[in-house]
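Here are the chains, one letter per residue:
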Amino acid sequence: WLLHRGALRYAFNVVGMVDDDPAKQGMRIDGCTVLGVSRDLPDLIHRYDVGAILFTISNISQGARAEILKFCALPQVRLVLLDDVLDAFRQRFTRQAN
């Protein structure tokens with residue numbers, strides 16, 4: 001949703017989503033097709049020439065997070081953690097409010 005609105009829609013071409021829930025495979029969510037599961041990431045990155053991955057899972061154990069992130073650890077791919085982005089916004093707006 002975030003990447004389809006405002007100026008960001010011009011900066012990124014959303015290829016699709018990855019979700020480990022078997023029931024979501026092939027579904028369209030907010031206009032994006034679920035292309036596979038996390039272990040498919042290296043193949044999907046190569047197939048679609050992915051340059052950036054937006055990691056949006058917030059309620060996940062550290063072990064599961066590390067397991068998924070290992071599939072994103074490719075030199076040509078920029079990984080953006082949504083938690084980091086949200087924390088930066090929170091810090092910025094908190095400072096301005098004071």
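Residues numbered from 1 in each chain as written. Predicted model: local features only at pLDDT ≥ 70, side-chain atom pairs only at ≥ 80, totals over all residues. Heavy atoms only, no water.

A. How the structure looks around helix α3 (residues 62–69). Turning to α3, its buried residues number three or more, namely Arg 65, Ile 68 and Leu 69. Taken end-on, α3 shows its buried residues confined to a sector of 95°, consistent with a single buried face. (Buried < 20%, exposed > 50% of the residue type's maximum accessible area, 1.4 Å probe, protein only. Helix = DSSP H or I, 4+ residues; strand = E, 2+ residues; numbered from the N terminus. Arc of directions from axis to C-beta.)

B. Region of the structure containing the environment of Phe 55. Position of Phe 55 relative to the elements: it lies in strand β4 (residues 52–55). In this structure Phe 55 comes out as buried when scored by relative accessible area, which is 6%. Residues Phe 55 and Leu 69 lie 14 residues apart in sequence; the distance between their C-alpha atoms is 8.5 Å. Residue contacts for Phe 55: discarding those within four places in its chain leaves Arg 65, Ile 68, Leu 69, Leu 79, Val 80, Leu 81 and Leu 82. (Contact = heavy atoms within 4.5 Å.)

C. Looking closely at the side chain of Ser 38. Checked against the element boundaries, Ser 38 lands in the loop between β3 (32–36) and α2 (41–47). The exposure class assigned to Ser 38 is buried, which follows from its relative accessible area of 9%. Ignoring any residue separated from it by four or fewer positions in sequence, one finds Ser 38 in contact with Val 18, Asp 20, Ile 68 and Phe 71.

D. Geometry of the environment of Asp 49. For Asp 49, the location among the structural elements is in the loop between α2 and β4. According to the relative accessible area criterion, Asp 49 is exposed, its value standing at 68%. Sequence separation between Asp 49 and Val 77 is 28 residues; the distance between their C-alpha atoms is 9.2 Å.

No statement about biological role is implied by the geometric values presented.
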